[in-house]
Amino acid sequence: MDEPLIRVRGLTKHFPIRGKRLFSRSDPRRTARALTDVSFDVQRGETFALMGESGCGKTTCALTMIRLIEPTAGQVHFDGVDLVGLKPGELRSRRRHFQMVFQNPQEVMDSLLSVRKTIEEPLLIHSPEMSRRKRKEVARTMANAVGLRDDLLKRYPRELSGGEQQRVCICRALILRPQFIILDEPTSALDVSVQARALNLLVQLKEEFGLTYAFISHDAAVVRWMASRVAVLYLGRIVELGPTETVFAQPEHPYTRALIRSVLTVGTRLEDKEVVLKGAPPSPTAVPDGCVFQDRCTERGERCLKEVPVLAEVEKDHWVACSGRCSDP
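Keep in mind it's a predicted model, so treat the numbers as computed, not measured.

Some remarks on the packing of helix α4 (residues 115-126) against helix α5 (residues 132-145)
Stage number 1. In the contact formed by α4 and α5, the axes pass within 9 Å of each other and the chain directions differ by 120 degrees. By the angle between their directions, the pair α4 and α5 is classed as oblique. When the axes of α4 and α5 are compared, the crossing they make is right-handed. Residues R116, I119, E120, L123 and L124 of α4 touch α5, and the partners they reach there are R132, R135, K136, V138, A139 and A143.
Stage number 2. For the contact of α4 with α5, the residue count by class is 6 nonpolar, no polar and 5 charged.

Concerning the packing of aromatic side chains
Stage number 1. For the structure on display, the rule yields 5 aromatic pairs.
Stage number 2. Ring geometry for F78 against F98: centres 5.2 Å apart, planes inclined by 70 degrees, an arrangement best described as edge-to-face. One end of the pair, F78, is in strand β4 (residues 73-78); the other, F98, is in strand β6 (residues 98-101), and 20 residues separate them in sequence.
Stage number 3. Of the residues examined, F98 reaches a relative accessible area of 3% and is grouped as buried.
Stage number 4. Among the aromatic residues, those joined into a cluster by ring pairs are Y234, Y255 and F293.
Stage number 5. Directly above the ring of F15 sits K13, whose terminal nitrogen or CZ lies 5.0 Å from the centroid.

Side note on the pairing of β4
Regular strands place side chains that alternate from one sheet face to the opposite one.
Stage number 1. Examined bridge by bridge, strand β1 (residues 6-18) and β4 share 5 bridges and lie antiparallel to one another. Residue R9 lies in a different strand from β4, and its bridge partner there is Q75.
Stage number 2. Looking at chain direction, β4 and strand β5 (residues 81-82) are connected through 2 bridges and run antiparallel. The partner of F78 across the bridge, within β5, is V81.

Conventions used here
- Each chain has its residues counted from 1, following the order in which its sequence is written.
- Given that this is a predicted model, residues contribute local features only at a pLDDT of at least 70 and side-chain atom pairs are listed and counted only at 80 or more, while totals for whole chains, interfaces and linings are drawn from all residues.
- Note that the side-chain values use all heavy atoms of the structure and ignore hydrogens as well as water.
- Axes here refer to lines fitted to C-alpha atoms; in helices the fit is confined to the stretch in contact. Angles between the N-to-C directions go from 0 to 180 degrees.
- To qualify as a helix, a DSSP run of H or I must reach at least 4 residues; to qualify as a strand, a run of E must reach at least 2; elements of each kind are numbered from the N terminus.
- Roughly parallel means an angle under 35 degrees; roughly antiparallel, over 145; roughly perpendicular, 65 to 115; everything else is oblique.
- By the definition used in this description, the sense in which the near helix is turned from the far one sets the handedness, with an anticlockwise turn below a right angle giving left-handed and a clockwise turn giving right-handed.
- The contact criterion used is simple: two residues touch if any of their non-hydrogen atoms lie within 4.5 Å.
- Gly is placed with the polar residues, together with every amino acid not listed as nonpolar (Ala, Val, Leu, Ile, Met, Phe, Trp, Tyr, Cys and Pro) or charged (Asp, Glu, Lys and Arg).
- Centre distance within 6.5 Å is the pairing criterion for rings of Phe, Tyr and Trp, where only the six-membered ring of Trp is used; planes under 30 degrees apart are then read as stacked, over 60 as edge-to-face, and the remainder as tilted.
- The buried label applies to any residue whose accessible area, calculated with a 1.4 Å probe on protein chains only, is under 20% of its type's maximum; exposed applies above 50%, and partly exposed to all values in between.
- Charge-over-ring contacts are defined here by two conditions on Lys NZ or Arg CZ: a distance within 6 Å of the ring centre and an angle within 35 degrees of the ring normal.
- For two strands to be treated as a pair, DSSP must find no fewer than two bridges joining them.

Structure (structure tokens):
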């Protein structure tokens, strides 16, 4: 197999917790463990998914991968270069090769900038030598590629629909022709009626521009449709990792099984769905000893309270931290 475009090893992010007073110092003994010892590869040209409930560490993982927040520990190799070890100037020069589309377009778009200026902004930063005329030409071409009409370029974010705003954000991510794009819940802020169109657009752009995606979602059905491989996160740890069809057809971890069973399919009534996952994940400031899933697992045994499961191979390319047979010796 070829060298992966992204190689993540031992990626960890713990946030120190401040005292009760506003200007008190952080206490190094108290931390929120948002991400702990996460490792995976992203192959060139694939769509790799990070799946799990809200608060499981998906977005923290994405932000840490590209150093929008600094990792506590670990390595992230992009195209053979460790991003964690780069100085600010070196990192800045490489940012044009990886971009991110955020979950809520309204929160990341400047309301005072027109659509055209929003799209052109990365060119001003990374290609300052480009003429104004050339920038306008490149922006218009890329806008057309994502389905934005020319007349929308003069408008402001508040004048656009949710679907149009998301297309602007996708266009801005593509303007530098990156190799790798992180898509953070790209359809969650959209109406159901336009979600399918947005996903189809992402598939089309991936083929057209030869992109590699990291796709973040809590929606198991969307992940199955979009991704070739998936990593399931729970409370900042990967609990299962493998080819999407294998993981969905034969989920090994109790949490993965619960996520997949929660998806309604055609012909299934809501009252027929078995409730298999109760409660919410514990706070990242109070991660339990042993297995992080122990408080919600119906199959836990005594060793779950003491041992931290590590990923073990079930079959070729399919890994799981726990098979749910915790009472076995």
